[in-house]
Amino acid sequence: MTNEADMEKLAVAIGQNIREKRRANGLSQDRFALVAGIDRSYMGRIERGEVSITIEKLYRIAAALHCEPTTLLPRMSSVSLPAPQESNRGGRSQGR
């Protein structure tokens, strides 16, 4: 399982990608937040990587930027997360 520091790195990377795409589209943060339907102060926290966003918000942000949500995600190689743990035999979790 990932720890809090790993999730913070991921949130920062996503926030940077969102900010870069917003600026490339010539949008102020105020206008962008309005178009995306997200509070401006919360949008600032997203761009600074202070909060982790939901998939729903990622899609709303992507729609406001006229891009696919995947373009806002960092490459796996740029974010160091711990390797997934091996599952039990047969790929099933215990208790099934």
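The structure this text deals with has already been given above.
This is a predicted model, so every value here is computed, not measured.

Undergrad: How should the nonpolar core be read in this particular structure?
TA: The tendency in soluble globular proteins is for nonpolar side chains to be buried side by side. Ile-18, Phe-32, Met-43, Ile-46, Ile-53, Ile-61 and Leu-72 are the most contacted members of the largest nonpolar core, which has 17 residues in total. Of all the secondary structure elements, the ones that give two or more residues to this core are helix 1 (4-24), helix 2 (29-36), helix 3 (40-47) and helix 4 (55-65). Not counting the four nearest positions on each side in its chain, Ile-53 is found in contact with Ile-14, Ile-18, Ile-46, Leu-58 and Ile-61.

Undergrad: I tried to follow helix 1 on my own but got confused; where do I start?
TA: An α-helical turn contains 3.6 residues, so any two residues separated by three or four positions project in the same direction. Compared with the 30 Å implied by 1.5 Å per residue over 21 residues, the 30 Å span of helix 1 between its first and last C-alpha is a close match. Where helix 1 is concerned, the buried positions are Asp-6, Ala-11, Ala-13, Ile-14, Gly-15, Ile-18 and Arg-22. Taken together, the buried residues of helix 1 touch helix 2, helix 3 and helix 4. Looking one or two residues past helix 1, Gly-26 carries a phi angle of roughly 70°, positive in sign.

Undergrad: Sorry if this is basic, but what is going on with the environment of Glu-47 here?
TA: Position of Glu-47 relative to the elements: it lies in helix 3. What makes Glu-47 buried here is its relative accessible area of 1%. In contact with Glu-47, other than residues within four places in its own chain, are Gly-15, Gln-16, Ile-18, Arg-19, Arg-22, Gln-29 and Phe-32.

Definitions and cut-offs
- Every chain begins its residue count from 1, and numbering advances along the sequence as written.
- Side-chain atom pairs in this predicted model are given and counted only at pLDDT of 80 or more, local residue features only at pLDDT of at least 70, and totals for whole chains, interfaces and linings cover all residues.
- Calculated side-chain values reflect all of the structure's heavy atoms, with hydrogen atoms and water omitted.
- Nonpolar cores are built from buried Ala, Val, Leu, Ile, Met, Phe, Trp, Tyr and Cys residues. Side-chain atoms within 4.5 Å join them into one set.
- To sort residues, take the accessible area from a 1.4 Å probe on protein chains only and compare it with the maximum for the residue type: under 20% means buried, over 50% means exposed, and anything in between is partly exposed.
- Note on conventions: DSSP H or I runs of at least 4 residues are helices, E runs of at least 2 residues are strands, and numbering of each starts at the N terminus.
- Only heavy atoms matter for contacts: two residues are in contact if any of them lie within 4.5 Å across the pair.
- Every helix has an expected span of 1.5 Å times one less than the residues it contains.

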